[in-house]
Amino acid sequence: MADEVLQISDSFYILSTSARIDDRTRVLKHGDTFAVFDRFGDVEETGTGVLGVFGMYDHDTRFLSRFRLRLAGTRPLLLSSTVKDDNALLTVDMMNSDMWLDGSVIVPRGTVHLFRARCLFNGTCYERLRVHNYGPSTVDLSLSLEFGADFADIFEVRGLRRERYGTRLPARLTQDGLEFPYEGLDGRLRRTRLVFDPLPEKLDGTRAIFDLRLGPRAESTYRIAISCLLEDTSSRPDGAIVPARPWIGTEEAFRDASDALARAKAEEPQIFTSNEQFNDWLNRSLSDLHMMRTETAYGTYPYAGVPWFSTAFGRDGLVTALQSLWANPSVARGVLQYLAATQAEGESVEQDAQPGKILHETRAGEMAATGEIPFGRYYGSADATPLFIVLAGAYYRRTGDRALIQALWPHVERALGWIDGPGDPDHDGFVEYDRRSARGLVQQGWKDSQDSVFHEDGTLAEGPIAMSEVQGLVYAAKSAASLMAAALGKEAQGIQLAREAERVRERFEEAFWCEDLSTYALALDGRKRPCRVRASNAGQCLFSGIASLERARRVAATLTHEGAFSGWGIRTVAATEPRYNPMSYHNGSIWPHDNALIAAGFARYGLKDETMKVLTGLFDASIFFDIHRLPELFCGFPRRPGEAPTPYPVSCAPQSWAAGSVLLLLQACLSLEIRGPMREVVFTKPSLPEFLREVLIKGLRVGEASLDLQIVRHQENVGINVLRREGPVSVVTVN
């Protein structure tokens, strides 16, 4: 019946028939390549109506859509599966099931052990497969690998249907394996290359078969490499074969991948605590941040999340850089330089671009290159532009790097020009958005699902929309620009920007405050009517500092009340609101990064009990998630004794700003501020939750100086002990 059909009008809705990222999956990523495996290490074809998410991807294209291991024609029994703490290596232990012949068991289960070790490095997935016979007799078995490459675009995997495709060419056997080629509609040749060592006894376009004969206590080792190769075919002679990149050995790849991660970690402070479960969450988060970083021509950039957002997103990169700024300012440097280089220079309705605007996202797949989706370089974000200025100011306060701020200043001025110009088309002092691209995003705040902005009766707000937290970011951006202008000797401009920031604050308090709700409105609609909804957006207004002290306290009380606080964290929308749904993407779910920003806002106003309540909730949640990895979001159901938090079906994991949340939460509790120009590390009324007795930070760098700090919770206060100091830096504690 027609009335039983639910139609989704959001073009970029992620269909839930796709396999979700949860404890059934294992993720590896390096650079622009990532892979999603099941716990067996396989890539299974899943999903009904749309393609499953498992596979190996490069530049938004799936190069491997099927990769299944079978022993004697059956799937081995799983013993264990994990990704190492540093995210460099996936390991899987399996054994044979009972093998029968003529009604008798000829090889009992547990006789043959299979061990898979796999890493991803420089566009290639390297696997070492070891098969060991623990039985007293020789076993003869077949080992098969089934494979396929569909070259699906990531948006196709998400559920978008395509009308046209490129040309899939026949699989081609090579000297050491085989290749799957695909000629895209964008004029690029994509190839999946498989290399086997040793070569299988049988090999065709769908399967490799190895014949095993293992004596008692004997073992065999097999090495497989799968490469994603991408070339421009416009200047390639017809029929020419483009050489593959040089292939390195599996053992070398394992070593190089681990060494690269170790070098990156050596640039950051080491953090240890007295709570091993907290350490598990912290260490996994730090490893995820390293895995998600990708080197660009402008420096390191944290890609947003696997699988749907493994690319550069402006908002996500900026927030992640802010979260990790105190520990590693090089991330902020890379993000600022990348976004400055991609800042919009002109007007483009299709891209929602306007001069001075900061990038929302960029895509490198076939559908983006052919214009089937508008996200090749897309600017539909209202908050990335002020966030860019906020990060630039925070980076200067952290590092004192005047040279970079001097280089970025023209981009800061262009961003300010967008805020005061196209970002505020009716000149009412509020930055607002209204989709201009027919295929762009309807909602352009961080809550960008189509139904995320609504009134107290549940009706959707009509644009142009002025989000509350965006105005807070505009206030913070002008304040940050004022300080940067003063540092660059532009005193008059700095004074003017400070005045403009104060005017934004005054207008905001007047237009957004809802006295009877004890919170700020979610947004103003196109008729300047407030969306009187209790939502987490108001908490992010505390992060920016736009709220008055008294109103900040009332917002904090509202957000930590049971209607908004689930026990695991603060919901995006309180349970009292008409569109509340704990299973929705933005209307009742819990986002770790949102909670971390809110907690930092609580700490800004000295609300330490509320700060620690948020930290405690997310820490408790982390214990229940697989490998202690907090996902992009989870459901907002009330916390029930003895039960775990409820996963969200299509959440990204890992997600950069979810991983960065623990760093910002820890900084918020300690009220830790690093003042680079003055070479000071400042703690203002530091606090720690009951489950953390001690925190040790080793190798904290401030300019050329370095510190080891011990932070200890006592009965009445928190003490800061300097264990080591090298170079000119002072530690200040404000009680």
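Residues numbered from 1 in each chain as written. Predicted model: local features only at pLDDT ≥ 70, side-chain atom pairs only at ≥ 80, totals over all residues. Heavy atoms only, no water.

Visitor: When you look at the packing of aromatic side chains in this model, what are you seeing that I'm missing?
Guide: Describing an aromatic ring pair means giving the distance of the ring centres and the angle of the ring planes. Applying the stated criterion to the full structure yields 27 aromatic pairs. Taking 4.7 Å as the distance between ring centres and 10° as the angle between the ring planes, the aromatic pair formed by Phe34 and Tyr57 counts as stacked. Placement of the pair is Phe34 in strand β2 (residues 33–38) and Tyr57 in strand β3 (residues 55–58), with a sequence separation of 23 residues. Pair check on accessibility: Phe34 and Tyr57 agree, each one buried. Taking the centre distance of 4.9 Å and the plane angle of 70° together, the rings of Trp513 and Tyr520 count as edge-to-face. The burial state of Trp513 is the same as that of Tyr520; both residues are buried. Three or more aromatic residues joined by ring pairs make a cluster, and in this case those are Phe147, Phe180, Phe196, Phe210 and Tyr222. A cation sits over an aromatic face here: Lys613 above Phe565, 4.8 Å from the ring centre. (Phe/Tyr/Trp six-rings, centres within 6.5 Å; stacked < 30°, edge-to-face > 60°. Helix = DSSP H or I, 4+ residues; strand = E, 2+ residues; numbered from the N terminus. Buried < 20%, exposed > 50% of the residue type's maximum accessible area, 1.4 Å probe, protein only. Lys NZ or Arg CZ within 6 Å of the ring centre and 35° of its normal.)

Visitor: Before we go on, may I ask you to explain the packing of helix α13 (residues 592–604) against helix α14 (residues 608–624) in this structure?
Guide: Geometry of a packed helix pair, given as the angle between the helix axes and the separation of the axes. Packing of α13 against α14 leaves a shortest axis separation of 8 Å and a crossing angle of 160°. It follows from the interaxial angle that α13 and α14 lie roughly antiparallel. Relative to α14, α13 is oriented so that their crossing is left-handed. Across the interface between the two elements, Pro592, Asn595, Ala599, Phe602 and Ala603 of α13 pack against Lys608, Glu610, Thr611, Val614 and Leu618 of α14. Among the residues forming the contact of α13 with α14, the class breakdown is 6 nonpolar, 2 polar and 2 charged. (Axes fitted to C-alpha atoms, helices over the stretch in contact; angles between N-to-C directions. Parallel < 35°, antiparallel > 145°, perpendicular 65-115°, else oblique. Left-handed = near helix turned anticlockwise from the far one by under 90°. Contact = heavy atoms within 4.5 Å. Nonpolar A, V, L, I, M, F, W, Y, C, P; charged D, E, K, R; others polar.)

Visitor: Would you explain the confidence of the model for the protein in this entry?
Guide: Atom-level detail of predicted coordinates should not be read off regions where pLDDT is low. Per-residue confidence for the protein gives a mean pLDDT of 91; residues scoring 70 or more make up 94%. In this model, residues 15–22 is a region of pLDDT below 50 whose contacts with residues beyond four sequence positions or in other chains number 27 contacts. Scored below 50 in pLDDT, residues 234–246 shows 18 contacts in the model against residues more than four places distant or in partner chains. (pLDDT = per-residue confidence, 0-100.)

Visitor: Hey, could you run me through the sheet that holds strand β12 (residues 139–148) in this one?
Guide: Backbone hydrogen bonds are what pair the strands of a sheet, in a parallel or an antiparallel way. With antiparallel pairing, the 4 strands of this open sheet are ordered in space as β5-β12-β18-β17. Strands with a single pairing partner mark the edges of an open sheet, and in this sheet they are β5 (66–71) and β17 (202–203). Examined bridge by bridge, β17 and strand β18 (residues 207–214) share 2 bridges and lie antiparallel to one another. When the bridges of β18 are listed, Lys202 appears paired with Ile209. (Pairing = 2+ DSSP bridges.)

Visitor: Quick question: what am I supposed to make of empty space enclosed by the protein here?
Guide: Rolled over the atoms, a probe with the dimensions of a water molecule shows which regions are left empty. Counted under the stated rule, the structure contains 3 cavities of 30 Å³ or more. Empty space within the largest cavity amounts to approximately 120 Å³. Surrounding the largest cavity, 13 residues form its lining, Val319, Leu387, Leu473, Gln540 and Leu597 being those nearest its centre. With 3 residues, helix α4 (residues 314–323) is the largest single contributor of residues to the lining of the largest cavity. When its residues are assigned to classes, the lining of the largest cavity shows 8 nonpolar, 2 polar and 3 charged. (1 Å grid on protein atoms, 1.4 Å probe; cavity = no way out; pocket = protein on both sides within 12 Å on 5 of 7 lines; lining within 4 Å. Points joined across faces, edges and corners; volume = space filled by probe spheres on them.)

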